[in-house]
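Here is what each chain is made of, one letter per residue.
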Amino acid sequence: MILDGKALSEKVLERVRIKVQKLNRQPHLVVILVGDDTSSKIYVKNKRVAAEKVGIKSTIVELPDSITEQDLLKRIDDLNNDKDVTGILVQLPLPKHIDKNKVTMAISPKKDVDGFTPENVGKLAIGLEPYFYPATPQGIIMLLDEYNIPIEGADAVVIGRSNIVGKPMAQMLLKRNATVTMCHSYSKDLECKIKTADIVISAVGKKVVRCKMDKKNSVIVDVGIYRDSNGRLTGDVDFDLVSKSAGYISPVPGGVGPMTIASLMYNASKVY
Ligand code: NAP
(Lines give C-alpha, C1' and ligand atoms only; values in the text may rest on other atoms or scores of the structure.)
Protein backbone atom coordinates (compact mmCIF):
# COMPACT_ATOMS: atom_id res chain seq x y z
CA MET A 1 0.00 0.00 0.00
CA ILE A 2 1.23 3.47 -0.88
CA LEU A 3 1.48 5.96 2.01
CA ASP A 4 -0.07 8.86 0.16
CA GLY A 5 1.45 11.97 1.71
CA LYS A 6 -0.01 14.23 -0.94
CA ALA A 7 -3.60 13.20 -0.13
CA LEU A 8 -3.10 13.38 3.64
CA SER A 9 -1.36 16.76 3.40
CA GLU A 10 -4.49 18.19 1.74
CA LYS A 11 -6.62 16.85 4.60
CA VAL A 12 -4.26 18.27 7.24
CA LEU A 13 -4.15 21.66 5.54
CA GLU A 14 -7.95 21.74 5.43
CA ARG A 15 -8.11 20.93 9.16
CA VAL A 16 -5.60 23.72 9.86
CA ARG A 17 -7.62 26.16 7.71
CA ILE A 18 -10.78 25.43 9.72
CA LYS A 19 -8.88 25.76 13.01
CA VAL A 20 -7.35 29.10 11.97
CA GLN A 21 -10.79 30.45 11.02
CA LYS A 22 -11.98 29.77 14.57
CA LEU A 23 -9.02 31.43 16.32
CA ASN A 24 -9.61 34.82 17.86
CA ARG A 25 -6.38 36.13 16.32
CA GLN A 26 -4.67 35.44 13.01
CA PRO A 27 -1.36 33.57 13.33
CA HIS A 28 1.54 35.41 11.72
CA LEU A 29 4.54 33.47 10.44
CA VAL A 30 7.74 35.34 9.62
CA VAL A 31 10.25 33.55 7.39
CA ILE A 32 13.77 34.95 7.27
CA LEU A 33 15.65 34.32 4.06
CA VAL A 34 19.32 35.30 3.95
CA GLY A 35 21.01 35.50 0.56
CA ASP A 36 20.05 34.29 -2.93
CA ASP A 37 20.09 30.50 -2.71
CA THR A 38 17.71 29.30 -5.46
CA SER A 39 16.43 26.22 -3.60
CA SER A 40 15.86 28.24 -0.42
CA LYS A 41 13.81 30.77 -2.40
CA ILE A 42 11.60 27.96 -3.74
CA TYR A 43 11.13 26.44 -0.26
CA VAL A 44 10.22 29.84 1.19
CA LYS A 45 7.75 30.50 -1.62
CA ASN A 46 6.10 27.10 -1.04
CA LYS A 47 5.74 27.93 2.65
CA ARG A 48 4.12 31.27 1.83
CA VAL A 49 1.68 29.66 -0.60
CA ALA A 50 0.71 27.03 2.01
CA ALA A 51 0.29 29.71 4.70
CA GLU A 52 -1.99 31.75 2.44
CA LYS A 53 -4.04 28.66 1.67
CA VAL A 54 -4.82 28.08 5.36
CA GLY A 55 -5.32 31.73 6.33
CA ILE A 56 -2.04 32.26 8.17
CA LYS A 57 -0.48 35.67 7.61
CA SER A 58 3.05 35.29 6.31
CA THR A 59 5.89 37.74 5.91
CA ILE A 60 9.15 36.97 4.17
CA VAL A 61 12.08 39.01 5.43
CA GLU A 62 14.74 38.96 2.72
CA LEU A 63 18.20 39.89 3.97
CA PRO A 64 21.43 40.22 2.00
CA ASP A 65 24.26 37.67 2.15
CA SER A 66 26.42 40.40 3.64
CA ILE A 67 24.33 40.78 6.81
CA THR A 68 26.39 40.34 9.99
CA GLU A 69 25.54 37.70 12.56
CA GLN A 70 24.93 40.46 15.11
CA ASP A 71 22.41 42.23 12.84
CA LEU A 72 20.59 38.97 12.12
CA LEU A 73 20.38 38.21 15.86
CA LYS A 74 18.98 41.72 16.42
CA ARG A 75 16.29 41.12 13.77
CA ILE A 76 15.30 37.89 15.51
CA ASP A 77 15.19 39.63 18.89
CA ASP A 78 12.86 42.27 17.44
CA LEU A 79 10.57 39.55 16.07
CA ASN A 80 10.61 37.72 19.44
CA ASN A 81 9.31 40.92 21.04
CA ASP A 82 6.77 41.70 18.32
CA LYS A 83 3.37 40.68 19.73
CA ASP A 84 1.86 40.42 16.24
CA VAL A 85 4.36 37.69 15.24
CA THR A 86 3.44 34.16 16.39
CA GLY A 87 5.99 32.09 14.47
CA ILE A 88 9.58 32.63 13.30
CA LEU A 89 11.48 30.45 10.89
CA VAL A 90 15.00 31.00 9.56
CA GLN A 91 15.49 29.27 6.22
CA LEU A 92 18.70 27.22 6.14
CA PRO A 93 21.42 27.16 4.92
CA LEU A 94 22.88 30.42 6.18
CA PRO A 95 26.03 32.08 4.82
CA LYS A 96 29.27 30.63 6.23
CA HIS A 97 30.09 33.64 8.40
CA ILE A 98 26.88 33.13 10.42
CA ASP A 99 26.69 30.48 13.14
CA LYS A 100 23.40 28.64 12.52
CA ASN A 101 23.31 27.30 16.09
CA LYS A 102 23.52 30.80 17.54
CA VAL A 103 20.72 31.90 15.23
CA THR A 104 18.51 28.94 16.12
CA MET A 105 19.11 29.50 19.83
CA ALA A 106 18.07 33.15 19.48
CA ILE A 107 14.50 32.27 18.47
CA SER A 108 11.91 32.29 21.26
CA PRO A 109 10.89 28.63 21.93
CA LYS A 110 7.24 29.76 21.84
CA LYS A 111 7.68 31.05 18.27
CA ASP A 112 10.06 28.29 17.10
CA VAL A 113 7.74 26.66 14.53
CA ASP A 114 10.61 24.43 13.32
CA GLY A 115 11.06 22.98 16.81
CA PHE A 116 14.85 23.36 16.61
CA THR A 117 15.61 25.47 19.71
CA PRO A 118 17.37 23.75 22.64
CA GLU A 119 14.26 24.15 24.83
CA ASN A 120 12.01 22.36 22.36
CA VAL A 121 14.63 19.71 21.50
CA GLY A 122 15.38 19.20 25.22
CA LYS A 123 11.72 18.87 26.17
CA LEU A 124 11.27 16.18 23.51
CA ALA A 125 14.39 14.39 24.78
CA ILE A 126 13.20 14.25 28.41
CA GLY A 127 9.68 13.22 27.48
CA LEU A 128 7.94 16.57 28.01
CA GLU A 129 5.65 18.26 25.50
CA PRO A 130 7.65 20.77 23.39
CA TYR A 131 5.89 23.88 22.09
CA PHE A 132 6.58 22.55 18.59
CA TYR A 133 7.74 19.22 17.16
CA PRO A 134 10.03 19.39 14.11
CA ALA A 135 7.86 19.38 10.98
CA THR A 136 9.24 16.39 9.05
CA PRO A 137 9.12 13.76 11.83
CA GLN A 138 5.76 15.13 13.03
CA GLY A 139 4.43 14.77 9.46
CA ILE A 140 5.71 11.18 9.34
CA ILE A 141 3.94 10.32 12.60
CA MET A 142 0.74 11.82 11.13
CA LEU A 143 1.21 9.60 8.06
CA LEU A 144 1.75 6.44 10.14
CA ASP A 145 -1.31 7.25 12.28
CA GLU A 146 -3.47 7.91 9.22
CA TYR A 147 -2.81 4.36 8.02
CA ASN A 148 -3.29 2.93 11.54
CA ILE A 149 0.25 1.60 11.60
CA PRO A 150 1.04 0.31 15.09
CA ILE A 151 4.04 2.14 16.56
CA GLU A 152 3.91 0.80 20.11
CA GLY A 153 6.24 -2.17 20.43
CA ALA A 154 7.35 -1.95 16.78
CA ASP A 155 11.00 -2.48 15.83
CA ALA A 156 11.82 0.81 14.12
CA VAL A 157 15.02 1.59 12.23
CA VAL A 158 15.85 5.25 11.64
CA ILE A 159 18.62 5.83 9.09
CA GLY A 160 20.31 9.25 9.32
CA ARG A 161 20.95 11.23 12.51
CA SER A 162 20.43 14.85 11.50
CA ASN A 163 19.03 17.28 14.05
CA ILE A 164 16.10 18.08 11.77
CA VAL A 165 14.93 14.56 10.90
CA GLY A 166 16.77 11.50 12.23
CA LYS A 167 17.27 12.44 15.89
CA PRO A 168 13.80 13.92 16.55
CA MET A 169 12.24 11.04 14.57
CA ALA A 170 13.91 8.52 16.87
CA GLN A 171 12.76 10.47 19.95
CA MET A 172 9.19 10.66 18.69
CA LEU A 173 9.06 6.94 17.93
CA LEU A 174 10.52 6.22 21.36
CA LYS A 175 7.87 8.46 22.94
CA ARG A 176 5.29 6.25 21.21
CA ASN A 177 6.98 3.14 22.69
CA ALA A 178 8.72 1.78 19.60
CA THR A 179 12.06 -0.01 19.97
CA VAL A 180 14.35 2.27 18.00
CA THR A 181 17.64 1.51 16.26
CA MET A 182 19.46 4.56 14.93
CA CYS A 183 21.76 4.09 11.95
CA HIS A 184 24.30 6.40 10.30
CA SER A 185 27.32 6.26 8.05
CA TYR A 186 29.30 4.19 10.56
CA SER A 187 26.59 1.57 11.12
CA LYS A 188 27.48 -2.02 10.25
CA ASP A 189 25.18 -4.55 8.55
CA LEU A 190 22.61 -1.93 7.61
CA GLU A 191 20.77 -4.32 5.29
CA CYS A 192 20.33 -6.85 8.06
CA LYS A 193 18.84 -4.18 10.37
CA ILE A 194 16.51 -2.90 7.64
CA LYS A 195 15.11 -6.22 6.48
CA THR A 196 14.05 -7.40 9.95
CA ALA A 197 12.39 -4.09 10.96
CA ASP A 198 8.68 -3.33 11.28
CA ILE A 199 9.19 0.35 10.42
CA VAL A 200 12.10 1.86 8.45
CA ILE A 201 12.49 5.63 8.19
CA SER A 202 15.33 6.62 5.86
CA ALA A 203 16.68 10.18 5.86
CA VAL A 204 20.05 10.01 4.13
CA GLY A 205 20.04 11.41 0.59
CA LYS A 206 21.51 8.26 -1.01
CA LYS A 207 20.06 4.91 -2.16
CA VAL A 208 20.58 3.02 1.08
CA VAL A 209 17.40 0.90 1.26
CA ARG A 210 17.76 -1.85 -1.32
CA CYS A 211 16.70 -5.18 0.10
CA LYS A 212 13.70 -7.43 0.40
CA MET A 213 11.81 -6.99 3.65
CA ASP A 214 11.28 -10.08 5.83
CA LYS A 215 8.04 -8.94 7.46
CA LYS A 216 4.90 -8.84 5.34
CA ASN A 217 3.46 -5.71 6.98
CA SER A 218 6.71 -3.78 7.17
CA VAL A 219 6.55 -0.03 6.63
CA ILE A 220 9.07 2.00 4.63
CA VAL A 221 9.12 5.79 4.86
CA ASP A 222 11.45 7.51 2.41
CA VAL A 223 12.50 10.97 3.56
CA GLY A 224 15.42 11.35 1.17
CA ILE A 225 14.97 13.60 -1.81
CA TYR A 226 17.65 14.41 -4.36
CA ARG A 227 18.30 14.28 -8.11
CA ASP A 228 19.85 11.16 -9.64
CA SER A 229 22.50 11.24 -12.38
CA ASN A 230 19.70 11.73 -14.97
CA GLY A 231 18.33 14.74 -13.08
CA ARG A 232 15.28 12.79 -11.89
CA LEU A 233 13.90 13.43 -8.40
CA THR A 234 14.46 10.32 -6.29
CA GLY A 235 14.64 9.05 -2.70
CA ASP A 236 16.69 6.69 -0.50
CA VAL A 237 14.62 3.61 -1.30
CA ASP A 238 14.84 1.36 -4.37
CA PHE A 239 11.09 1.58 -4.77
CA ASP A 240 10.66 -1.18 -7.38
CA LEU A 241 12.60 -3.71 -5.35
CA VAL A 242 11.47 -2.84 -1.82
CA SER A 243 7.77 -2.31 -2.64
CA LYS A 244 7.48 -5.99 -3.67
CA SER A 245 8.05 -7.20 -0.11
CA ALA A 246 7.01 -4.25 2.13
CA GLY A 247 3.45 -3.77 3.33
CA TYR A 248 3.46 0.05 3.15
CA ILE A 249 5.80 2.41 1.33
CA SER A 250 5.93 6.16 0.83
CA PRO A 251 6.76 7.44 -2.67
CA VAL A 252 9.15 10.20 -3.70
CA PRO A 253 7.78 12.65 -4.63
CA GLY A 254 4.32 12.64 -3.03
CA GLY A 255 5.20 11.12 0.35
CA VAL A 256 7.06 12.91 3.12
CA GLY A 257 7.62 16.19 1.21
CA PRO A 258 3.99 17.41 1.20
CA MET A 259 3.53 16.16 4.77
CA THR A 260 6.43 18.34 5.93
CA ILE A 261 4.74 21.47 4.60
CA ALA A 262 1.35 20.49 6.06
CA SER A 263 2.96 19.71 9.41
CA LEU A 264 4.76 23.05 9.38
CA MET A 265 1.44 24.82 8.80
CA TYR A 266 -0.03 22.85 11.70
CA ASN A 267 2.80 24.27 13.82
CA ALA A 268 2.37 27.78 12.41
CA SER A 269 -1.31 27.73 13.42
CA LYS A 270 -0.33 27.35 17.10
CA VAL A 271 -0.40 30.61 19.02
CA TYR A 272 1.25 30.83 22.46
P1 NAP B 1 21.82 15.11 6.51
O2 NAP B 1 22.18 16.19 7.46
O3 NAP B 1 21.99 15.31 5.04
O4 NAP B 1 22.62 13.81 6.99
C5 NAP B 1 22.54 12.59 6.34
C6 NAP B 1 22.59 11.46 7.34
O7 NAP B 1 22.71 10.25 6.60
C8 NAP B 1 23.80 11.53 8.30
O9 NAP B 1 23.37 11.24 9.61
C10 NAP B 1 24.73 10.44 7.76
O11 NAP B 1 25.50 9.79 8.75
C12 NAP B 1 23.75 9.45 7.17
N13 NAP B 1 24.37 8.63 6.14
C14 NAP B 1 25.14 9.03 5.10
N15 NAP B 1 25.52 7.98 4.36
C16 NAP B 1 24.99 6.88 4.94
C17 NAP B 1 25.03 5.50 4.66
N18 NAP B 1 25.68 5.03 3.61
N19 NAP B 1 24.35 4.67 5.47
C20 NAP B 1 23.67 5.12 6.54
N21 NAP B 1 23.59 6.44 6.87
C22 NAP B 1 24.25 7.29 6.08
O23 NAP B 1 20.33 14.62 6.79
P24 NAP B 1 18.93 15.39 6.53
O25 NAP B 1 19.12 16.85 6.55
O26 NAP B 1 18.00 14.72 7.48
O27 NAP B 1 18.56 14.98 5.04
C28 NAP B 1 18.52 13.63 4.61
C29 NAP B 1 17.72 13.54 3.32
O30 NAP B 1 16.37 13.86 3.61
C31 NAP B 1 18.16 14.49 2.21
O32 NAP B 1 17.94 13.86 0.97
C33 NAP B 1 17.19 15.66 2.37
O34 NAP B 1 17.01 16.37 1.15
C35 NAP B 1 15.94 14.91 2.76
N36 NAP B 1 14.97 15.72 3.51
C37 NAP B 1 13.69 15.69 3.05
C38 NAP B 1 12.71 16.37 3.73
C39 NAP B 1 11.31 16.32 3.22
O40 NAP B 1 10.48 17.06 3.69
N41 NAP B 1 11.02 15.43 2.26
C42 NAP B 1 13.02 17.11 4.88
C43 NAP B 1 14.33 17.09 5.35
C44 NAP B 1 15.30 16.38 4.65
P45 NAP B 1 26.66 10.56 9.60
O46 NAP B 1 25.92 11.34 10.65
O47 NAP B 1 27.47 9.46 10.16
O48 NAP B 1 27.39 11.44 8.64
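Residues numbered from 1 in each chain as written. Predicted model: local features only at pLDDT ≥ 70, side-chain atom pairs only at ≥ 80, totals over all residues. Heavy atoms only, no water.

Peer 1: Sorry if this is basic, but what is going on with the layout of surface pockets here?
Peer 2: Where empty space is left becomes clear once a probe the size of a water molecule has been rolled over the atoms. Of the voids in this model, the second largest pocket is the one considered here, and its volume is about 250 Å³. Around the second largest pocket sit 15 residues that line it, and Lys207, Arg232, Thr234, Val237 and Phe239 are the ones nearest its centre. (1 Å grid on protein atoms, 1.4 Å probe; cavity = no way out; pocket = protein on both sides within 12 Å on 5 of 7 lines; lining within 4 Å. Points joined across faces, edges and corners; volume = space filled by probe spheres on them.)

Peer 1: Explain empty space enclosed by the protein to me, please; I cannot follow it from the model alone.
Peer 2: Inspection of the entire model under this criterion finds one cavity of 30 Å³ or more. In this structure, the largest cavity spans a volume of roughly 80 Å³. Around the largest cavity, the lining residues are Ile88, Leu89, Val90, Leu92, Leu94, Lys100, Val103, Thr104, Ile107, Asp112, Asp114 and Phe116. Elements with a minimum of two residues in the lining of the largest cavity: β3 (87-90) and α4 (100-106). (Helix = DSSP H or I, 4+ residues; strand = E, 2+ residues; numbered from the N terminus.)

Peer 1: Looking at this model, I keep getting lost on unusual backbone geometry. Mind explaining?
Peer 2: In terms of backbone geometry, most residues other than glycine have negative phi values and most peptide bonds are trans. Residue Pro93 follows Leu92 across a cis peptide bond; omega there is 5°. Its place among the elements puts Pro93 in the loop between β3 and α4. The step from Val252 to Pro253 runs through a cis peptide bond, and the omega angle for that step is -5°. Here Pro253 is to be found in the loop between β10 (248-249) and α10 (256-268). Even without a glycine there, the phi angle at Asn148 is positive, about 50°. Relative to the helices and strands, Asn148 is located in the loop between α6 (135-146) and β4 (155-159). The exposed category is assigned to Asn148, whose relative accessible area is 66%. For Asp189, which is not glycine, the phi torsion reads 50° and is therefore positive. Considering the arrangement of structural elements, one finds Asp189 in the loop between β5 (179-183) and α8 (190-195). (Buried < 20%, exposed > 50% of the residue type's maximum accessible area, 1.4 Å probe, protein only.)

Peer 1: Please clarify how the nonpolar core should be interpreted in this entry.
Peer 2: Nonpolar side chains in soluble globular proteins tend to end up buried together. Counting residues in each nonpolar core, the largest one holds 49 residues, and the members touching the most others are Leu173, Ile201 and Met265. Not counting residues within four places of it along the chain, the set of residues in contact with Leu173 comprises Ile141, Leu144, Ile151, Ala156, Val158, Ala178, Val180 and Ile201. Of all hydrophobic cores here, the second largest spans 16 residues; its members include Ile32, Ile67, Ile98 and Ile107. (Core = buried A, V, L, I, M, F, W, Y, C linked by side-chain atoms within 4.5 Å. Contact = heavy atoms within 4.5 Å.)

Peer 1: What is the right way to read the side chain of Lys47 from this model?
Peer 2: Along the chain, Lys47 turns up in helix α2 (residues 38-54). Comment: no salt bridge for buried Lys47; closest opposite-charge side chain is Asp114, at 5.6 Å. Apart from the residues within four sequence positions on either side, Lys47 is in contact with Leu89, Gln91, Ile261, Leu264 and Met265. (Lys, Arg positive; Asp, Glu negative; His and termini not counted. Salt bridge = Lys/Arg side-chain N within 4 Å of Asp/Glu carboxyl O.)

Peer 1: What exactly am I supposed to notice about the packing of helix α1 (residues 5-22) against α6 here?
Peer 2: Helix-helix packing: each pair is described by the crossing angle between the helix axes and the interaxial distance. Running from amino to carboxyl end, α1 crosses α6 at an angle of 105°, the nearest separation of the two axes being 11 Å. As summarised for this structure, α1 and α6 are arranged roughly perpendicular, according to the angle between their axes. Mapping the contact onto sequence places Gly5, Leu8, Lys11, Val12 and Arg15 in α1 and Met142, Leu143 and Glu146 in α6. Residues that form the contact of α1 with α6 fall into these classes: four nonpolar, one polar and three charged. (Axes fitted to C-alpha atoms, helices over the stretch in contact; angles between N-to-C directions. Parallel < 35°, antiparallel > 145°, perpendicular 65-115°, else oblique. Nonpolar A, V, L, I, M, F, W, Y, C, P; charged D, E, K, R; others polar.)

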